[in-house]
Amino acid sequence: MKTYLIFSIVIIAAGSIPKGYDEGGFSASISLASFKNDFNLNKANWAHDPTGLANRTANISSFGVLGAAFGSLLALILADRLGRLRCWQLFVLTWATGIFMQIFSSGILGFMLFARIWGGLGAGGLTVVAPLYLSEIAPAKSRGMIVSIYMVFLLTFLTLGFYINYAVNKTMAVSPMQYRIVMAVPLIPVGLAFIASFFLTDTPRWLASRDRIEESLTALARLRCTDEANSSLTVEYQEMRYEMLTRQQDLQGLSVATTIKEILSTPSYRNRFFLGIFMQTIAQWSGGNGITYYIPQIFTYAGVAGQNQSLITSGAYGIVKLVFTLVFTWGLVDIIGRRRCFMAGLSLQLSAHIWMAIYMSTFQGSRNKSASDAAIASVFIYAVGWSIGLCTVQYLYGTEIYPTRIRGVCYASNMALHWFFQFAVVRVTPNMFVSLNIWGAYVFWAMICAIGLVVLGLWAPETKGVPMERMEELFSGHWWMGWKAKVDLLHGGNDILDEKAESRQIENVYKA
């Protein structure tokens, strides 16, 4: 049994807890009476300035996401220099100090906002470093499943966050201790993971990239629970070295400016780059995680009575997201394909938004139980659509469609856009509810879903089963014909085999 590999996966996957718990635990704690009292979020105090209350609420929620945006960019710079493991530890410490500041901010808004940004730096950095570490220690045949454990941890703690809020609201008197306990809970599992991380080594791939050959081979043997002389281990190590050599050859002498110029001047590169950008745009502005941050409030709008009941229902929402993300990750995406998943997901999101717009404009406050039940159901339908669609498909396309020469720049651009758009959505959602009378926000999100269905339906080709070396063939035509693009997998692979054979000859010279 590969005990060390499992140990490593569990420890590093805990790096997803800060982001997941922020979307569930922290976002729900804002609705606690104790938090509202300390940070002046009670409606009665803002009767003549509802926009001011919306701004204050949005700032507290969104500044953590703003910090995460910069943290993800920082991780792209530091991960290669410091190593995956040290970078992971650095971002955990950054996040933890931010949480301590949040716990003891005691109603001081400026201190809370600074703490949100600082903690967000750590949480955002972990969203880059943790999946990178997991992908580099996983055997090729189980890489997808192992990396997806990151999302399992994230969604599990997102769900737990709602129920922890319910527990403190149900069992404790209204006092600052309520929200302080909620904020402190994730420090326990992440703190234990941080301590345990000192028993890990960095990834074999990163060690090899620093010419620490012996350490790299030892680390790989430890992960595979085998001897360094094992033939299968030798083959895996040589393949890893071959991939690294090929990457070094592709990127030799290539600056960021040169890469951007190639992207904009090469039709196929340009097509793929803007597809990734557009997919990120639709994913976030179709509601994205903005809805998750305000889900207790949305359930209240939909007719869920009482704060405790709203928190319980929000927890159920998190469970639905977890279950359908697992269904997607561990089967659906490789059975019916990427296109069908995101088209089905956007369709479900669109239908949910349409009914919520109708309900909010016509039935809200009318005590129409059937309409309210349908609105509550539509929120769960939205969760299913988001989980099987663009919640995860955007990342798959982002890792599959780009060639090595432009992958770094494209990935960095996608991640930056992902975080800044998520910040924007989380920041403006409360204001949209106020200025657009709630239903207008759903009309806006429905329009984005409709645009996504049409444009992505035409633009995005099916990439299921297509080798990364042959993605060029999918993007050789007009962008609006992407839906018809196909690759003949039975022919056309000889050139790739010849290239690999040539690269292996270079590798032999390199080793000699």
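In what follows, the structure referred to is the one given above.
Residues numbered from 1 in each chain as written. Predicted model: local features only at pLDDT ≥ 70, side-chain atom pairs only at ≥ 80, totals over all residues. Heavy atoms only, no water.

(A) Representation of the nonpolar core within the structure. Counting residues in hydrophobic clusters, the biggest one holds 144 residues, and the most contacted among them are Phe35, Ile60, Trp88, Leu275, Leu390 and Tyr442. With eleven residues, helix H21 (residues 404–435) is the largest single contributor of residues to this core. When neighbours within four sequence positions are excluded, leucine 275 is seen to be in contact with Tyr397, Ile401, Leu456, Trp459, Ala460, Pro461 and Phe475. Among the nonpolar cores identified, the runner-up in size contains eight residues, and Ala208, Leu217, Tyr237 and Met240 belong to it. (Core = buried A, V, L, I, M, F, W, Y, C linked by side-chain atoms within 4.5 Å. Buried < 20%, exposed > 50% of the residue type's maximum accessible area, 1.4 Å probe, protein only. Helix = DSSP H or I, 4+ residues; strand = E, 2+ residues; numbered from the N terminus. Contact = heavy atoms within 4.5 Å.)

(B) Quick peek at unusual backbone geometry. Despite not being glycine, aspartate 211 shows a phi value in the positive range, around 60 degrees. With respect to the helices, strands and loops of the structure, aspartate 211 is situated in the loop between helix H10 (204–209) and helix H11 (213–224). Aspartate 211 gets classed as exposed once you look at its relative accessible area, which sits at 55%. In this structure, isoleucine 438 takes a positive phi of about 70 degrees despite not being glycine. Residue classification places isoleucine 438 among the buried positions, given a relative accessible area of 9%.

(C) Spotlight on helix H17 (residues 307–335). For H17, spanning 29 residues, the distance from its first C-alpha to its last is 40 Å, which sits close to the expected 42 Å at 1.5 Å a residue. Its axis deflected by about 50 degrees at threonine 329, H17 carries its strongest bend there. Just past H17, the residue glycine 337 takes up positive phi, approximately 95 degrees. (Expected span 1.5 Å × (residues − 1). Bend = angle between axes of the 7 residues up to and from the residue.)

(D) Fine view of empty space enclosed by the protein. Throughout the structure, instances matching the rule amount to two cavities of 30 Å³ or more. Here the largest cavity defines a volume of roughly 200 Å³. Taken together, 20 residues make up the lining of the largest cavity; nearest its centre are Pro18, Asp22, Trp95, Arg116 and Ala123. Those elements that place two or more of their residues in the lining of the largest cavity are helix H2 (17–29), helix H4 (50–82), helix H5 (84–103) and helix H6 (109–137). Considering every element that reaches the lining of the largest cavity, the biggest residue donor is H2, with six residues. Split into classes, the residues belonging to the lining of the largest cavity amount to 13 nonpolar, four polar and three charged. (1 Å grid on protein atoms, 1.4 Å probe; cavity = no way out; pocket = protein on both sides within 12 Å on 5 of 7 lines; lining within 4 Å. Points joined across faces, edges and corners; volume = space filled by probe spheres on them. Nonpolar A, V, L, I, M, F, W, Y, C, P; charged D, E, K, R; others polar.)

(E) Fine view of helix H14 (residues 267–285). Given a rise of 1.5 Å per residue, 19 residues ought to cover 27 Å, and the 27 Å separating the end C-alpha atoms of H14 matches this to within 8%. Burial of H14 is extensive: 14 of the 19 residues sit out of reach of the surface. Phi turns positive one or two residues past the end of H14, at glycine 287, with a value near 125 degrees.

(F) Local environment of the packing of aromatic side chains. The final tally for this structure, using the stated rule, is 20 aromatic pairs. Measuring from ring centre to ring centre gives 5.9 Å for tryptophan 479 and tryptophan 480, while their planes differ by 85 degrees; the resulting arrangement is edge-to-face. Tryptophan 479 sits in the partly exposed class, given a relative accessible area of 37%. Positioned over the ring face of phenylalanine 26 is arginine 116, at 3.8 Å from the centre of the ring. One Lys or Arg, arginine 222, reaches over the ring of tyrosine 4 and ends 3.8 Å from the middle of that ring. (Phe/Tyr/Trp six-rings, centres within 6.5 Å; stacked < 30°, edge-to-face > 60°. Lys NZ or Arg CZ within 6 Å of the ring centre and 35° of its normal.)

(G) Here's a closer look at the side chain of arginine 116. One can find arginine 116 in helix H6. Taking relative accessible area as the criterion, arginine 116 reaches 2% and is therefore assigned buried. Leave out the neighbours within four places in its chain, and arginine 116 touches Asp22, Phe26, Ile60, Ser61, Phe63, Gly64 and Gln102.

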